Amino acid sequence: MGIFSRRQTDAIEPTPALGAGTSVMEAAPRDVALDPALRALTGRWTIDRPHSRIGFSVRHAMVTTVRGAFTDYDSTLYFDGARPSNSRAELVIRVASVDTGVEQRDAHLVGRDFFDARRHPEMSFRSTSTVHEGGESFRMTGDLTIRGVARPVDLQLDYLGSVLDPFGYERAGFDGTTTIDRTEWGLVYNQRLTAGGTMVSEKVRLQFDISAVRVMP
């Protein structure tokens, strides 16, 4: 996410807007001061897929970390710089697009042991509230749906800056993270290790490295 800052960056190739969606927000604390520059960002945005990453990381065999990402998804973001509580986001991911760099592992992930892509081709995140926590940090709460199971998660969301690229596209950068217990969504597959522990950690860290492009009216 180093391409996002309050400084001018290198040229970035534009991409078209993606999907659409909405959800509702709660009120933000009134005693948290907002950066006036955030007001200029009010409006609709979409994730620029070639310059973003919707990823995850999980411990493997207790000693290493496997990282992966989803490459096919639709998004809608609405940011209200004056009243962050009015902000909202929706992300719909095709789980068959999972990419960990190992074809055999990807095939296992989309099978019945994990995502079961044939019966549940999509997973989604739909926000339900946004709170400004101070500075450029926000907490977005929403429903994460995997394998037809929807559960609330809290996403730590940091605004990284905005820039007008040489093609005339206004871009904003956001970095989001959260950690979930995959078994709460029915992803319970595992193998025990002879020395103790499991092959795949139940804890999964989700990472959202977002390059958002303003949707023109």
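Residues numbered from 1 in each chain as written. Predicted model: local features only at pLDDT ≥ 70, side-chain atom pairs only at ≥ 80, totals over all residues. Heavy atoms only, no water.

Caption draft 1: The arrangement of the overall build of the chain in detail. Looking only at helices and strands, the chain features one helix and 11 strands. Written out in order from the N terminus, the α and β elements of the chain read β-β-β-β-β-β-α-β-β-β-β-β. In the chain, buried positions account for 46% of the 217 residues. Sequence-distant contacts in the chain: of pairs separated by 6 or more residues, those separated by 24 or more amount to 64%. (Helix = DSSP H or I, 4+ residues; strand = E, 2+ residues; numbered from the N terminus. Buried < 20%, exposed > 50% of the residue type's maximum accessible area, 1.4 Å probe, protein only. Contact = heavy atoms within 4.5 Å.)

Caption draft 2: Molecular detail of the environment of Arg112. One can find Arg112 in the loop between helix 1 (103–110) and strand 7 (122–134). You can call Arg112 exposed: its relative accessible area is 66%. Along the sequence, Arg112 and Tyr189 sit 77 residues apart, while their C-alpha atoms lie 9.3 Å from each other.

Caption draft 3: Examining the side chain of Arg171 more closely. Mapping Arg171 onto the fold places it in strand 10 (residues 170–181). Judged by relative accessible area, Arg171 falls into the buried class, the value being 0%. Side chain to side chain, Arg171 and Asp48 meet in a polar contact 2.7 Å long. There is a polar contact of 3.3 Å between the side chain of Arg171 and the side chain of Ser211. (Polar contact = N/O pair within 3.5 Å; in protein donor to acceptor, adjacent residues only side chain to side chain.)

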